[in-house]
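Inside the fold
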Amino acid sequence: MIAPSANAALIEAKDLVRTYEVRQGMFGKATPVRAVDGINLTVMPGETLGVVGESGSGKSTLGRMLLGIDSPQEGETFFDGKPMPKLGTPEWRALRARMQLVYQDPLAALDRRLTVAEQIGEPLAIHKLVPKEHRAIRVAELMVSVGLRPDQADRYPHELSGGQRQRVVIARALASRPKLLVCDEPVSALDVSIQAQVVNMLRDLQEKNGIAMVFISHDLKVVRNMADRVAVMYLGRIVEEASSDVIFAAPLHPYTKALVSSVPVPGKPLKGRTILQGEPPNPANRPSGCAFHPRCPLATDICRTSVPHLRQVADGRTAACHLLAGADQPVAA
Amino acid sequence: MISDNLVELHGLTVAFDGVKVLHGIDLTVRRGEAIGLVGESGCGKSVTWLAALGLLPGKATVAGSVRVDGQEILGGPRTVLESVRGKRIAMIFQDPSSSLNPVICIGRQITEALVIHRALTGKAAKAEALRLMDMVGIPDARRRFDLFPHEFSGGQCQRLMIAMALAGEPDLLVADEPTTALDATIQAQILDLLIELRKETGMATIFISHDLGAVSQVCERACVMYAGRIVEQGTIAALFDNPRHPYTRGLFDAIPRLDGPRERLIPIPGTVPHPRDLPEGCAFSPRCSHAAADCRSGRPNLSAMDDGRLLSCFHPVGHPAGLMQAAESRIQEAVS
Ligand SMILES: Nc1ncnc2c1ncn2[C@@H]1O[C@H](COP(=O)(O)OP(=O)(O)OP(=O)(O)O)[C@@H](O)[C@H]1O
Ligand SMILES: Nc1ncnc2c1ncn2[C@@H]1O[C@H](COP(=O)(O)OP(=O)(O)OP(=O)(O)O)[C@@H](O)[C@H]1O
Ligand code: SF4
Ligand SMILES: [Mg+2]
Ligand SMILES: [Mg+2]
């Protein structure tokens, strides 16, 4: 949902590139891997952008760069119209309270020696957000807002279930009243029953507080439920972006099509669906042309030689595929 | 005379350090059929088959009966169990890292399984190993025979584990969450492989999964487990179109949809109880929207319904048997 007053992006990424040196084997020589390879995106205040794609496609790397935890080698990120300050600087630390990260493994994110109340209160103390005497009240409010019971305040992380731990992590992330939440696979480790509890809670919190969210997940069903817009990544690049309602109902890029088709739907048989052949590509050995061409059922000669760029293919939709109409005409500005 | 029943579990119970986690599982696997096992984490899906195959650590107390072709294997001599495990019944484990040895090349690992289970040696073993690698869809098997596990992708490692499981030409393959760690597109490939292999070899399959969608594609029948018991069992059509246990219904309702309007999700409130403090009566009662006073005092038995399913609930949801036919023909129409 886009807040009516805002027509400026909360976060904007321009041509982000992040390369890692990856060693093949213990003594192999290091080869550069472009984990994120030229990504542009914007997130409006209060909006949720879903990011999907295969393991290794660069989702987490992108998420970290949006928060300035990882720095791009090329390109730039803007938060509230201003360039992202350098990691570790006082400016960055001040901004950090406005943007928070929630990731997959809540146990790793929590300090096992601190109680639930202490974990949630920690950012309030670090960022000096709430005077000491009011902290307990704020912590109690936060616990209620994520659906934790007051009697759980004195529990330790190992005494909680996975879903409850993730609630603690989220409550802590919300403590500093952030404007942006990057959620990296926040419900992937949870049972569907519990996943639904946490997804509903996140949606409620977002509606109430107008937080913008980047929601990273490999579960298309969850992403469809959370996101307003969805970006599909393949080998470090966005290959398709559209509103969450149309992208799953009518995917355009062959990779998105395969992805949507691979989701097992209860009661629907596997036959008749497109099962993508071949292995996920090795990022250290990026295929020429369209990186998807070795697995693409529709690939032609041009796909093997020339890189398709992300272009507007319909109203509010972009895709990077040579075969999509509109791809050979420049985007009308 | 060979009976239709391949494996029969009767009253299988498991306790760890005196805490019961499995409370009497009865399950019959017929030759060639595929059965799904679903339920939230900790409900006893893995423990059921680890116990049946004698693979639990020493601190586990296992009781009940496990028969393979009528022969009891639980508590019998080790030789009986060993003749079954890997040969008659093979298991693919939930934790993939535990199954492939990282320092032995793939070809040798598969050949060793062939030596143990089928007494193949030398050229014959190598030829059969290559055939199995082909069969599970490893491209260029001959050239990759001497590679180590880390030189294969996650999806290929899963295929190789399936190849190892097939080495003994088992009558039953137990696949414990075989696709959970894989990407969606690779997951679809592995499901397809399991379906094809079963068609080719006629082996029965137990498919353990969190994903009801995946189960519906691989299996004809499914058991829903809760807190160490089977609470509903029936054909996929019966369970999917007309779940009767409130827990089964809850599991379906919680799945977000990829089509249709975007609606608020319907979670199951609360969490699975710890085996140490199970609630009185029906173990699901604290989370159940249908629970009445009787649910909190007595425990419903798993009993047969008119439509052939097994159900353990005092106040089922959905339609009783009669209305099922109409529903089933609706499914048929939708699928064809
Ligand atoms: N710190 C790092 N050092 C070296 N390489 C890295 C590092 N972090 C990520 N990579 C590489 O960058 C690529 C993208 O990784 P990333 O973790 O962003 O992918 P992802 O889409 O989040 O995958 P997953 O779904 O498995 O979480 C991968 O090839 C990965 O191996
Ligand atoms: N080695 C063990 N020692 C003690 N308790 C165990 C052991 N293995 C399993 N349990 C307990 O037995 C119960 C059933 O576990 P099981 O692994 O069968 O669950 P599951 O249904 O397979 O769950 P998941 O979906 O997480 O794999 C759980 O309460 C678990 O904590
Ligand atoms: S027996 Fe009662 S509590 Fe248990 S599932 Fe049925 S209605 Fe719910
Ligand atoms: Mg990641
Ligand atoms: Mg398990």
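Here the structure is a predicted model, which is why all the values come from computation and not from measurement.

Attention now moves to the overall build of chain B. Regarding its fold elements, chain B presents 12 helices and 12 strands. Computed over the C-alpha atoms, the radius of gyration of chain B is 21 Å, within 12% of the 20 Å expected from 2.2 N^0.38 for a compact globule of 336 residues. Once the C-alpha set of chain B is aligned to its principal axes, its extents read approximately 65 × 50 × 40 Å. Here chain B, with 336 residues, has 52% of them falling under the buried criterion. Element-wise, carbon and sulfur atoms account for 53% of the exposed surface of chain B, whose accessible area totals about 14,700 Å². Here chain B contributes 34 positive and 38 negative side-chain charges, whose respective centroids are spaced 3 Å apart.

Residues and elements named next belong to chain A. Strands sit in the order β6-β7-β8-β3-β9-β10-β12-β11 across an open sheet of eight strands; the sheet is mixed. Each end of this open sheet is capped by a strand with a single partner; those strands are β6 (99-103) and β11 (311-314). Ignoring which end each strand starts from, the neighbouring axes of this sheet average 25° apart. With two bridges joining them, strand β10 (residues 237-243) and strand β12 (residues 317-319) adopt antiparallel strand pairing. Each bridged residue has a counterpart across the sheet, and for Glu240 the counterpart in β12 is Ala319. Relative to strand β8 (residues 212-216), helix α1 (residues 59-66) is tilted by about 160°, and along the sheet it contacts β3 (48-53), β6, β7 (180-184), β8 and β9 (229-234). This element, helix α10 (residues 254-261), spans β3, β9 and β10 of the sheet and lies at about 105° to β9.

What follows covers the site of ligand 3. Taken together, 13 residues are adjacent to ligand 3, and B:Cys282, B:Cys288, B:Cys295, B:Cys313 and B:Phe314 come closest. Grouping the constituent residues of the shell around ligand 3 by class yields nine nonpolar, four polar and no charged.

Peptide bonds are mostly trans, and most non-glycine residues show a negative phi. In the Ramachandran plot, A:Asp15 falls in the positive-phi region, its phi being about 50° despite a non-glycine side chain. Relative to the assigned elements, A:Asp15 resides in strand β1 (residues 11-23). Relative accessible area serves as the criterion here: at 45%, A:Asp15 is assigned to the partly exposed category. A positive phi is found at B:Glu177, a non-glycine position, where the angle reads about 50°.

Before going further, it helps to examine the site of ligand 2. All names here are of chain B. Around ligand 2 lies a shell of 15 residues, among which Ser41, Gly42, Lys45, Ser46 and Val47 are the nearest. At 2.5 Å from an oxygen atom of ligand 2 is found a side-chain nitrogen or oxygen belonging to Ser41. When ligand 2 sits alone it has 630 Å² of accessible area, and the protein chains cover 70% of it. Here the residues of the shell around ligand 2 are counted per class, giving six nonpolar, six polar and three charged.

Moving on, we come to the sheet that holds strand β12 (residues 310-311) of chain B. Residue and element names in this part refer to chain B. Ordered by their spatial adjacency, eight strands build an open sheet running β6-β7-β8-β3-β9-β10-β12-β11, and the pairing between neighbours is mixed. Each end of this open sheet is capped by a strand with a single partner; those strands are β6 (89-92) and β11 (303-304). Pairing geometry for strand β7 (residues 172-176) and strand β8 (residues 204-208), over five bridges, is parallel. When the bridges of β8 are listed, Leu173 appears paired with Thr205. Against the sheet, helix α1 (residues 45-52) contacts β3 (34-38), β6, β7, β8 and β9 (221-226), and its axis sits at roughly 140° relative to β8. Helix α10 (residues 246-254) rests against β9 and β10 (229-235) of the sheet, and its axis sits at about 100° to β9.

Cut-offs used in this document
- Residues numbered from 1 in each chain as written.
- Chains lettered and ligands numbered in written order.
- Predicted model: local features only at pLDDT ≥ 70, side-chain atom pairs only at ≥ 80, totals over all residues.
- Heavy atoms only, no water.
- Helix = DSSP H or I, 4+ residues; strand = E, 2+ residues; numbered from the N terminus.
- Rg over C-alpha atoms; globule rule 2.2 N^0.38 Å.
- Buried < 20%, exposed > 50% of the residue type's maximum accessible area, 1.4 Å probe, protein only.
- Areas by Shrake-Rupley, 256 points an atom, 1.4 Å probe, with all protein chains shown as cover.
- Lys, Arg positive; Asp, Glu negative; His and termini not counted.
- Charge placed at Lys NZ, Arg CZ, Asp CG, Glu CD.
- Pairing = 2+ DSSP bridges.
- Axes fitted to C-alpha atoms, helices over the stretch in contact; angles between N-to-C directions.
- Contact = heavy atoms within 4.5 Å.
- Near = heavy atom within 4 Å.
- Nonpolar A, V, L, I, M, F, W, Y, C, P; charged D, E, K, R; others polar.
- Polar contact = N/O pair within 3.5 Å; in protein donor to acceptor, adjacent residues only side chain to side chain.

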